[in-house]
Amino acid sequence: MDKMELRLYDIQAESEAKELVDIFLEYYPRSPWPPTKEKIMKGGVVYFRAFYQGQQIGVTGYSVKTPNLAETVKTTIFHAFRGKGLGAILSQAIEDECKRIGIKKVLSTVYYFNHVMVQIKLKQGYTIEGYHPDHEAPGFHEYSLGKILK
Ligand SMILES: CC(C)(COP(=O)(O)OP(=O)(O)OC[C@H]1O[C@@H](n2cnc3c(N)ncnc32)[C@H](O)[C@@H]1OP(=O)(O)O)[C@@H](O)C(=O)NCCC(=O)NCCS
């Protein structure tokens, strides 16, 4: 199988932060609090371009919470590449990246209506550790899905 390659975004570069903002506005249209360029440039989240077979097919990222724990965020497959298993491969790739930097547990919060991502995470050995009603905003219930890395 071809490898999913993660290439770091340079979030200090305004153009790259802007590119991420545009992607999030397009791919998370229901999000009540999409990250702004300023927020992205402030840091705290490490973002990657996801490359597969030589082209960018999406983005992903993580935020280190403690030396043990990282939250993976914004795992996104661009529309043209959906439904081919790449979301699952990218989910695994960002988990592997967290493991590579020494993280022992990964966490992901997923909107309750995002059945595809919930299904991807459950299949990859995550368990639902929490259900958070009205979490990000009223009506935006979320699951937290966690996995202890062996
Ligand atoms: C979630 C996302 C990354 C999935 O990408 P994708 O490449 O289309 O996903 P895959 O092709 O890997 O499909 C993953 C699984 O979901 C299944 N699936 C597809 N539609 C589904 C549905 N409506 N309900 C449940 N499972 C579904 C697929 O059958 C596949 O399961 P399988 O491996 O058992 O066959 C993509 O939809 C996306 O970018 N969404 C917008 C951003 C987002 O919400 N990201 C998650 C933030 S937490």
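Values in this document were obtained by computation on a predicted structure and should not be read as measured data. (Residues numbered from 1 in each chain as written. Predicted model: local features only at pLDDT ≥ 70, side-chain atom pairs only at ≥ 80, totals over all residues.)

### Observations regarding the site of the ligand
Just so we agree on the cut-off: Each residue gets a C-beta atom placed from its backbone. Should that atom fall within 6 Å of a molecule or strand, the residue is termed near it. Runs of E in the DSSP output that reach at least two residues are strands. Runs of H or I that reach at least four are helices, and both are numbered from the N terminus. Residues were grouped as follows: Ala, Val, Leu, Ile, Met, Phe, Trp, Tyr, Cys and Pro as nonpolar; Asp, Glu, Lys and Arg as charged; and all remaining residues, including Gly, as polar.
As a matter of local geometry, the ligand sits amid 20 residues, with Ile77, Arg82, Gly87, Ala88 and His115 nearest to it. Elements supplying a minimum of two residues to the shell around the ligand: strand 4 (69–77), helix 3 (86–100), strand 5 (105–111) and helix 4 (115–123). Here the shell around the ligand takes six residues from helix 4, the largest share from any one element. Here the shell around the ligand is composed, by residue class, of eight nonpolar, nine polar and three charged.

### So, the sheet that holds strand 4
The pairing of strands in a sheet comes from backbone hydrogen bonds and takes either a parallel or an antiparallel form. Stated precisely, the cut-off is as follows: Only strands that DSSP links by at least two bridges are regarded as paired with each other. Whenever a helix is involved, its axis is fitted only over the stretch in contact; in every case the axis is a line through C-alpha atoms, and angles between N-to-C directions fall within 0 to 180 degrees. Distance between backbone-placed C-beta atoms decides contact: two residues are in contact if it is within 7 Å.
The seven strands lie next to each other as 1-2-3-4-5-7-6, forming an open sheet whose pairing is mixed. The sheet is open, and its two edges are formed by strand 1 (5–8) and strand 6 (127–132), each paired on a single side. Here the average twist between neighbouring strands, direction ignored, is 30°. Sheet topology note: the strand 6/strand 7 (residues 142–148) ladder contains five bridges and is antiparallel. Bridge pairing in strand 7 places Ile128 opposite Leu145. Against the sheet, helix 3 makes contact with strand 1, strand 2 (46–52), strand 3 (55–64), strand 4 and strand 5, and its axis sits at roughly 155° relative to strand 4, the strand it touches most. This element, helix 4, spans strand 5 and strand 7 of the sheet and lies at about 155° to strand 5.

### Quick look at the environment of Glu14
Structurally, Glu14 is set in helix 1 (residues 14–27). For the pair Glu14 and Ser63, spaced 49 residues apart in sequence, the C-alpha separation works out to 20 Å.

### Focus: unusual backbone geometry
Of note, Gln53 is a non-glycine position whose phi angle comes to about 50°, a positive value. With respect to the secondary-structure elements, Gln53 resides in the loop between strand 2 and strand 3. Non-glycine residue Asp134 carries a positive phi angle of around 45°. Inspection of the secondary structure puts Asp134 in the loop between strand 6 and strand 7.

### Quick notes on helix 3
Put simply, the rule reads: Multiplying one less than the number of residues by 1.5 Å gives the expected span of a helix.
Under the 1.5 Å per step criterion, the end-to-end length of helix 3 is 20 Å for 15 residues, consistent within 8% with the ideal 21 Å. Residue Gly102 follows helix 3 closely and has a positive phi angle near 100°.

### Focus on the nonpolar core
Going by this rule: Working definition: the nonpolar core is a set of buried Ala, Val, Leu, Ile, Met, Phe, Trp, Tyr and Cys residues, joined through C-beta atoms within 7 Å. Comment: burial labels come from other C-beta atoms within 10 Å of the residue's own C-beta, placed from the backbone, where a count of 20 or more is buried, 12 or fewer is exposed, and between is partly exposed.
The biggest cluster of nonpolar side chains holds 23 residues, and the ones touching the most others in it are Tyr47, Ala50, Leu90 and Cys98. When residues of this core are traced back to their parent elements, those giving at least two are helix 1, strand 2, strand 3, strand 4, helix 3 and strand 5. Of all the elements, helix 3 adds the most residues to this core, at five residues. If near-sequence neighbours (up to four positions away) are discounted, Ala50 is found in contact with Met4, Leu6, Gln56, Ile57, Gly58, Val59, Thr60 and Leu90.

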